[in-house]
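# Fold and geometry: a report
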Amino acid sequence: MAGSILLLWARRLKIPSGRSRRALLGIVLSLPVATAAWTASRDAFNRGGSWFDSERILQLSLSSSWTVRHLLLGVGILCALITVAQELIPVLRREGGGRERVPDEILEEVRSLPRWRCCTVTLSAESGLHLASSRRRGRSRVALSRGLVSSLSPEELRAVIRHEHAHWRPKRRLRIRTLFGLRLIQLFNPVALLAFRELTFEEELACDAEAARTSGSPRPLARALLAFYQDTSPSDPSSRSALRRRIDVLRGRVPYDDEGLLPGEAPVVTAAILGMLLTWIV
């Protein structure tokens, strides 16, 4: 309920992509967990101090044998399955394909970046456009595909590498890992599913902006994203739509504000009010 209210409030305010939207999505993911933990730690709230008993809603009848509890249980199971398929399995997946020699200019470009000076760089024989980074046993790893190297110009490839490197800013990694943990706690929550998917997209936009700044122009990255768009199957409209929007942001067609604060701080005030109310719900 709290997450739905905050997301609808964001739609009403028409908050553009950027820091404000990321802050709001962080509130959506953390507020339910924080209020639930607070309520659980205060047994007094469960001894008549609450103002609303959510059990009444769960017991509402939908048919002769089904209640709202059964409906929410089904939604929760579905959301958990979607989370496993979309967010957990890809994390555990390992890059495949044969290995090729990494060109010296690519090694030099990757290892010239902070935190990647001693990283392991691999080049797979895959024909698709793939770039991924990870950290194992305290050592960073960057994996590229032959299709990526052969399809992009040097400046486009440099922009893509810098975008991937932007994901490894310590504060950004800590924030996204913390919110990912909160997301996993709420496997059953459809609002958390939508909020985290939107948050990951906002993080892509933030890394696009940083890569464009360090590259000196957004054009190389926009051209590279167009190549990714053309390489993405039409049967995956969600990914293609996200790539189109990222290109539009880089080209200035869609507003992006990474400096502004929340308009009137209204979502923060709303979150505070909801937080105080939710701690008295049992």
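Before going into details, it helps to say that this report is about the structure given with it. (Residues numbered from 1 in each chain as written. Predicted model: local features only at pLDDT ≥ 70, side-chain atom pairs only at ≥ 80, totals over all residues. Heavy atoms only, no water.)

### Topic: the overall build of the protein
Basically, it comes down to this: Numbering of helices and strands runs from the N terminus; a helix is a DSSP stretch of H or I covering at least four residues, while a strand is a stretch of E covering at least two. Exposure is judged per residue with a 1.4 Å probe applied to protein chains only, and the accessible area is read against the type maximum: over 50% gives exposed, under 20% gives buried, and values in between give partly exposed. Between two residues, a contact is recorded if the distance between any of their heavy atoms is within 4.5 Å. Working definition of accessibility: Shrake-Rupley area with a 1.4 Å probe, residue cover restricted to the visible protein chains.
Broken down by element type, the protein carries 12 helices and 6 strands. A burial count over the protein gives 40% of its 282 residues as buried. Within the protein, counting contacts between residues at least 6 apart in sequence, those at least 24 apart form 65% of the total. When the accessible surface of the protein is totalled, it reaches about 16100 Å², and 60% of it is carbon and sulfur.

### A word on the packing of aromatic side chains
Selection rule: Stacked, tilted and edge-to-face are the three classes applied to pairs of Phe, Tyr and Trp rings, where Trp contributes its six-membered ring and a pair requires centres within 6.5 Å; stacked means planes under 30 degrees apart, edge-to-face means over 60, and tilted covers the rest. In this scheme, Lys NZ or Arg CZ marks a charge over a ring once it lies within 6 Å of the ring centre and within 35 degrees of the ring normal.
Per the stated rule, a full pass over the model turns up 1 aromatic pair. Relative to phenylalanine 196, the ring of phenylalanine 180 has its centre 5.5 Å away and its plane inclined at 40 degrees; by these criteria the two rings are tilted. Remark: phenylalanine 196 occurs in helix α9 (residues 190–215) and phenylalanine 180 occurs in helix α8 (residues 170–185); sequence separation between them is 16 residues. Relative accessible area serves as the criterion here: at 22%, phenylalanine 180 is assigned to the partly exposed category. Residue class for phenylalanine 196 comes out buried when judged on its relative accessible area of 6%. Stacked on the ring of tyrosine 229, the Lys or Arg arginine 240 has its end atom at 4.1 Å from the ring centre.

### Some points on the environment of glycine 275
Tracing the backbone shows glycine 275 in helix α12 (residues 266–278). Between the C-alpha atoms of glycine 275 and alanine 36, which are 239 residues apart in sequence, the distance is 9.6 Å. Glycine 275 has contacts with Leu31 and Thr35, leaving out every residue within four places of it along the chain.

### Some thoughts on the packing of helix α10 (residues 219–231) against helix α11 (residues 237–250)
Stated formally: Lines fitted to C-alpha atoms define the axes here, with helix axes fitted over just the stretch in contact, and angles between the N-to-C directions of these axes take values from 0 to 180 degrees. Under this scheme an angle from 65 to 115 degrees is roughly perpendicular, one under 35 degrees roughly parallel, and one over 145 degrees roughly antiparallel; angles in between are oblique. Left-handed is the label given to a crossing in which the near helix is rotated counterclockwise from the far helix by less than a right angle, and right-handed is the label when the rotation is clockwise. The nonpolar class holds Ala, Val, Leu, Ile, Met, Phe, Trp, Tyr, Cys and Pro. Asp, Glu, Lys and Arg form the charged class, and all remaining residues, Gly among them, are polar.
Where α10 meets α11, the closest approach of the two axes is 9 Å, and the angle between their N-to-C directions is 165 degrees. The orientation of α10 with respect to α11, classified from their angle, is roughly antiparallel. α10 and α11 meet at a crossing whose hand is left-handed. On α11, the residues that touch Leu221, Ala222, Leu225, Leu226, Phe228 and Tyr229 of α10 are Arg240, Leu243, Arg244, Arg246, Ile247 and Leu250. Partitioning the contact of α10 with α11 into residue classes produces 9 nonpolar, no polar and 3 charged.

### A closer look at the side chain of glutamate 202
Note on placement: glutamate 202 falls in helix α9. A relative accessible area of 0% means that glutamate 202 is categorised as buried. When residues no more than four places from it in sequence are discounted, the contact partners of glutamate 202 are Ser17, Gly18, Arg21, Arg22, Leu25 and Arg245.

### A few points about the sheet that holds strand β2 (residues 99–100)
The condition that has to hold: The rule for pairing is simple: two strands pair if DSSP sees at least two bridges between them.
Taken in spatial order, the 4 strands make up an open sheet running β2-β3-β5-β4, and their pairing is mixed. For this open sheet the edge positions go to β2 and β4 (131–136), each flanked by a neighbour on one side alone. Examined bridge by bridge, β4 and strand β5 (residues 139–145) share 6 bridges and lie antiparallel to one another. By the bridge assignment, serine 134 is partnered in β5 with arginine 141. Helix α7 (residues 154–166) rests against β4 and β5 of the sheet, and its axis sits at about 35 degrees to β4.

### Side note on the environment of leucine 129
In this structure, leucine 129 sits in the loop between β3 (120–124) and β4. Accessibility expressed as a relative area gives 9% for leucine 129, which makes it buried. Through-space distance from the C-alpha of leucine 129 to that of glutamine 230 is 10.0 Å; in sequence the pair is 101 residues apart. The residues touching leucine 129, leaving out its near neighbours within four places in the chain, are Ser145, Gly147, Leu148, Ser151, Ala227, Phe228 and Asp231.

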